[in-house]
Each structure stands twice: as structure tokens, then as C-alpha cells.
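Take a look at the letters that make up each chain.
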Amino acid sequence: MQYLLLIYSNENDGPQPGTDEWPAFMKGYQDFTNKVREDGKLVSADALQPIATASTLTVRDGKTELVDGPFAETKEQLGGYYLLDCADLDEAASYAAMIPTATYGRIEIRPIIVWDE
């Protein structure tokens, strides 16, 4: 089964680019990516641009509206994801716990519906 591991945090929390902590933090992500790849679990993964680049689209009564910013009004923003092929939720959760941002943010685990083609 495929699980989407959604990485949420406040963009101002945790290690920031240019700080002494940043290289070790990014190495943690490189190590995690290498592990899920070597374990044959990685389907895909990407980081997202900062929330300042986000736009939200709605269509209501035939009218399309595009506004700046993310949809949710929250302290934590979606920063990236991993799509893994795991045996079950327990296995997906064990991998999610290894994601560096889990130590100060949150990792949402969502099973994926794979539609028959």
C-alpha cells in the first residue's frame, strides 16, 4: 500500500539556511531519502517552495478565484512529502518517525487510493 507522508512545520521553526545547524539537518534528509530508496520503499519525494509562493484556487457558482497564499490559516505549513510503498500503517509510521522535521513539526500519514487503470 502507498502512504503519503506530508511534512508540516512552521517555516521559522527548526534549522534555517545559513545557520550552523542547517548542514546536519539537510544531511538527515539525505540520509532518510537514501534509506527509503535503498529499502525499496520510495515512490517519490519533493520539497515545496516557501508558502509565500503559494496560491489557492476556488470555483464557486462558475466563478474562479485565485488568491495568494496557502488555503489553511495555521501556524504549520506543508513543506514537502514522501510517497512510500509500505506493508501497513505501522511500517509507514516507523519511516515517518525518521523524517528530521518530525522532531519539531508534524508528519501526516495518508494512505493513497490507487485507482485501477
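Keep in mind that what you see is a predicted model, and the values were worked out from it rather than measured. The residue numbering used here restarts from 1 in each chain and proceeds along that chain's sequence as written. Predicted model: local features are reported for residues with pLDDT of at least 70 only, side-chain atom pairs are reported and counted for 80 or more only, and whole-chain, interface and lining totals are derived from all residues. With hydrogens and water stripped out, all remaining heavy atoms of the structure feed into the side-chain values.

1. Observations regarding helix 1 (residues 22-38)
Part 1 of the reasoning: Numbered from the N terminus, helices here are DSSP runs of H or I no shorter than four residues, and strands are runs of E no shorter than two. Expected helix span is given by 1.5 Å per residue-to-residue step, counting one fewer step than there are residues. With 17 residues, helix 1 should cover 24 Å at 1.5 Å per step; its first-to-last C-alpha distance of 24 Å lies within 8% of that length.
Part 2 of the reasoning: Among all positions of helix 1, only Phe25, Tyr29, Phe32, Thr33 and Val36 are buried. One side of helix 1 carries all its buried residues, which in axial view fall inside an arc of 100 degrees. Of the residues in helix 1, the exposed ones pointing more than 90 degrees away from the buried face are Pro23, Ala24, Gln30 and Glu38.
Part 3 of the reasoning: Contacts from the buried residues of helix 1 go to strand 1 (2-9), strand 2 (42-47), strand 5 (77-85) and helix 2 (89-96).
Part 4 of the reasoning: Glycine 40 occupies a position one or two residues after helix 1 and carries a positive phi of about 75 degrees. We call a residue buried when its accessible area falls under 20% of the maximum for its residue type, exposed when it is over 50%, and partly exposed in between, using a 1.4 Å probe and counting protein chains only. Within this analysis, the arc is defined by the directions that extend from the helix axis to the C-beta atoms. Contact criterion: two residues are considered in contact whenever any of their non-hydrogen atoms come within 4.5 Å of each other.

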